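So the chains spell out like this:
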Amino acid sequence: MKRLEKILKKKKYIKISLKKIATNHLELKAKINGVKGRFILDTGASNSCVGLNSIEHFNLIAEESETKAAGAGATDMETQLSENNLLKIVTWETNKCNLVLFDLSHVNTALTQHNAKEVDGIIGADILRKGKAFIDYNNNVLYLKKLKKKKK
């Protein structure tokens, strides 16, 4: 694995430590608009999400959305959308992070029933794709490729 790490570092990937929690999910810390939060990494979630109760906490501008959310045993949940947020995970960052906002209470209930801490949201496939992600499940590490800064 050291060889993989070396190759990825040379290709401008950033190493992000993940924490395996009681539910077997992988958790990471990130900042949205400069505010720290705890997130689950979910390769099956098409979009990154934040709980409706965290709109003010993360300084989000929420807009109504026609889309209904589904997942983790819940369906047809009302959603809102917040576009162009600054997401920072260690030193990897994007200022074009669009977030789906919905009630995460069912997710957090499931976590706390398994003695895990509640989360603020989910990092989904949108960010994993944007960062050309590699996940090292053996060592609980996520690698994201540093995004090129656009010249003004």
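See the structure above.
Residues numbered from 1 in each chain as written. Predicted model: local features only at pLDDT ≥ 70, side-chain atom pairs only at ≥ 80, totals over all residues. Heavy atoms only, no water.

A. Structural view of the pattern of salt bridges. Across all of its chains, the model carries three salt bridges by this definition. Notably, a salt bridge pairs Glu93 with Lys88, separated by 3.9 Å at the nearest N-O pair. Assessed through its relative accessible area of 33%, Lys88 is described here as partly exposed. (Salt bridge = Lys/Arg side-chain N within 4 Å of Asp/Glu carboxyl O. Buried < 20%, exposed > 50% of the residue type's maximum accessible area, 1.4 Å probe, protein only.)

B. A look at the state of the cysteines. Inspection of every chain in the model, using the stated rule, returns zero disulfides. We note that Cys49 lacks a disulfide partner, and the nearest cysteine sulfur, in Cys97, lies 10.0 Å from it. A relative accessible area of 1% places Cys97 in the buried class. (Disulfide = S-S within 2.5 Å.)

C. A look at the packing of aromatic side chains. One pass over the structure, following the stated rule, counts two aromatic pairs. Ring centres 5.5 Å apart and planes at 70 degrees place the aromatic pair Tyr13 and Phe134 in the edge-to-face group. Here Tyr13 is found in strand 1 (residues 13-17), whereas its partner Phe134 is found in strand 10 (residues 134-136), with 121 residues between them in sequence. Exposure remark for Tyr13: the relative accessible area of 12% places this residue in the buried category. With a centroid separation of 6.1 Å and 35 degrees between ring planes, the pair formed by Phe39 and Phe58 is classed as tilted. With a gap of 19 residues between them, Phe39 in strand 4 (residues 35-41) and Phe58 in the loop between strand 5 (49-51) and strand 6 (63-71) connect regions that are remote in the sequence. Its relative accessible area of 0% is what places Phe58 among the buried residues. (Phe/Tyr/Trp six-rings, centres within 6.5 Å; stacked < 30°, edge-to-face > 60°. Helix = DSSP H or I, 4+ residues; strand = E, 2+ residues; numbered from the N terminus.)

D. Looking closely at the pairing of strand 11 (residues 141-145). Counting buried positions along strand 11 yields four of five residues, so the element is predominantly enclosed. As paired strands, strand 1 and strand 11 are joined by five bridges and run antiparallel to one another. Paired with Ser17 across the two strands is Val141, which belongs to strand 11. Here strand 10 runs beside strand 11; their pairing, made up of three bridges, is antiparallel. The residue bridging Asp136 from the neighbouring strand is Val141, located in strand 11. (Pairing = 2+ DSSP bridges.)

Purely geometric stuff here, so don't read any function into it on its own.
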